[in-house]
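# Descriptive structure summary
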Amino acid sequence: MDWMAWTWPTAAFFATIAALLITFTVLAIRFPETPRTGILRIETTRGDRLFITLLGSAFINLAWLGLVGEHQPYALIVCLAWAAAVFRWV
Amino acid sequence: MDKPTNHKAWFLVLPVLVLVAFSAVIPLMTVVNYSVQDTFGNNRFFWAGLEWFEEMLRSERMWNALGRQLIFSATILAIEVPLGIFVALNMPKRGVWASVCLVLMSLPLLIPFNVVGTIWQIFGRVDIGLLGYTLDRLGINYNYTQNAVDAWITVIVMDVWHWTSLVALLCYAGLQSIPDAYYQAAKIDQASRWKVFRYIELPKMAGVLMIAVLLRFMDSFMIYTEPFVVTGGGPGNATTFLSINLVKMALGQFDLGPAAAFSIMYFLVILLISWVFYTVMTNLDRKGG
């Protein structure tokens, strides 16, 4: 695996994503749900909302890096707020 | 009676998952790993943190390439979509000529990208190309290797030549699915040609048109081979689109870190746009029943 140039932070990042995917898969199997329509006027399941959260978080981090440029971990707080909003209203 | 449920069918998807992991997921993970490190070769890496992302976000070269890319995609969509619809509306509906038209329209789609590039590269040359030579003889100052506007026109016309057929064929398929009864009803109501298009043909084409727009947008947003063969990204950087810029960075300069950071941002933009298109398309399907 040397050629993949692994580092601890990137491994932790992918492990978190994998854990989220596994958790949401288990949730989908154990507690099936019907899609709901939120403020975006589109039908979403838990998985869809996770996707929107992750994609949005990537852009939030990039925007923070480009506009603020320091204290990057604080961007994660914005991401958590974003996640809460997506899961509540989308 | 309860319907038996089990998830064993998921194992049938396993081969595809393995294939996608090898061809897409593992390379993407490697790109993420590269994006936070620096290397001087020999597969030795040094931690760089978010430096490359910061550099890319402040890189004028990247923003310029993105701007050019957006202008290019918007221009070809603005030309190819109306032109494709116009061609589809005027194609014969049935008979021998319908088949002849279909074959002729498919031809440009079957030509490999680099061959299309080579065709236009030669076609536009002032010394030996039919187009370049003719324009030169007509007294029009045309030279795509030196003039940025000429290079842009050549690349856009080439894309329109190559891909309008796709939009036309998809729209044609949409039009063919409209039952004659709709047209007969419109005739009884004395609907104008515009109203037939606006209230019968366009709504029936909406689904395939959306697919056409998505395909053309994605393809044009990732375009590499054709403009690279014709202009090589020049003159200067005039036709250096995102992927040409990326290849120059990753393979030309071997700046793996910045190129990886750039790739990830490129990927995120494409992912976002694909998701928006996909959502709009599935919603359209649902509304259309």
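Scroll up to find the structure.
Here we summarise the structure given alongside this text. All of these numbers come straight from a predicted model, not from anything done at the bench. Residue positions within a chain follow its written sequence, with the count starting from 1. Chain letters and ligand numbers both follow the written order, the letters beginning at A and the numbers at 1. Thresholds applied to this predicted model are a pLDDT of at least 70 for local features of residues and 80 or more for the giving and counting of side-chain atom pairs; totals over whole chains, interfaces and linings are not thresholded and use all residues. Processing note: side-chain calculations cover all non-hydrogen atoms of the structure and skip hydrogens and water entirely.

### Comments concerning the interface of chain A and chain B
- A contact between two residues is defined here by any heavy atoms of the two lying within 4.5 Å. Each side of the interface is counted separately: chain A has 24 residues, and chain B has 26 residues.
- Throughout, buried area stands for the accessible area (probe radius 1.4 Å) lost by two parts on being put together, summed over both. Across the chain A/chain B interface, buried area totals approximately 2200 Å², and carbon plus sulfur atoms make up 77% of it.
- Looking only at chain A, the three residues that lose the most surface to chain B are A:M4, A:L62 and A:L65, adding up to 23% of its buried area.
- Every case where a carboxyl oxygen of Asp or Glu lies within 4 Å of a side-chain nitrogen of Lys or Arg is listed as a salt bridge. The tally of links between chain A and chain B comes to 0 salt bridges.
- In protein, a polar contact means a hydrogen-donor-capable atom and an acceptor-capable atom, both N or O and within 3.5 Å, with residues adjacent in sequence counting only if both atoms are side-chain atoms; elsewhere, any N or O pair within 3.5 Å suffices. Linking chain A with chain B are 4 residue pairs in polar contact (both at pLDDT 80 or more).
- Elements are defined by DSSP. Helices are runs of H or I of four residues or more, strands are runs of E of two residues or more, and each kind is numbered from the N terminus. Going through the elements one at a time, α1 (8-30) and α2 (46-67) of chain A are the ones with two or more residues in the side of chain A that touches chain B.
- No other element matches α2(A), which puts 8 residues into the side of chain A that touches chain B.
- Classes in brief: Ala, Val, Leu, Ile, Met, Phe, Trp, Tyr, Cys and Pro nonpolar; Asp, Glu, Lys and Arg charged; the others, Gly included, polar. Looking at the side of chain A that touches chain B residue by residue, the classes come out as 16 nonpolar, 5 polar and 3 charged.

### Observations concerning helix α3 (residues 73-89) of chain A
Residues and elements named next belong to chain A.
- Here, expected helix span is obtained from the residue count minus one, scaled by 1.5 Å. Given a rise of 1.5 Å per residue, 17 residues ought to cover 24 Å, and the 25 Å separating the end C-alpha atoms of α3 matches this to within 8%.
- When a residue's accessible area, from a 1.4 Å probe over protein chains only, is under 20% of the maximum for its type it is buried; when over 50% it is exposed; and in between it is partly exposed. Among the residues making up α3, those that are buried are A75, C79, A83 and V86. Taken down its axis, α3 places every buried residue within 90° of arc, on the same side. Across α3 from its buried face, at more than 90 degrees, point the exposed residues I77, L80 and R88.
- Here the buried face of α3 lies against β1 (36-37) and α2. Directions are taken from the helix axis to each C-beta atom, and the arc is the one they span.

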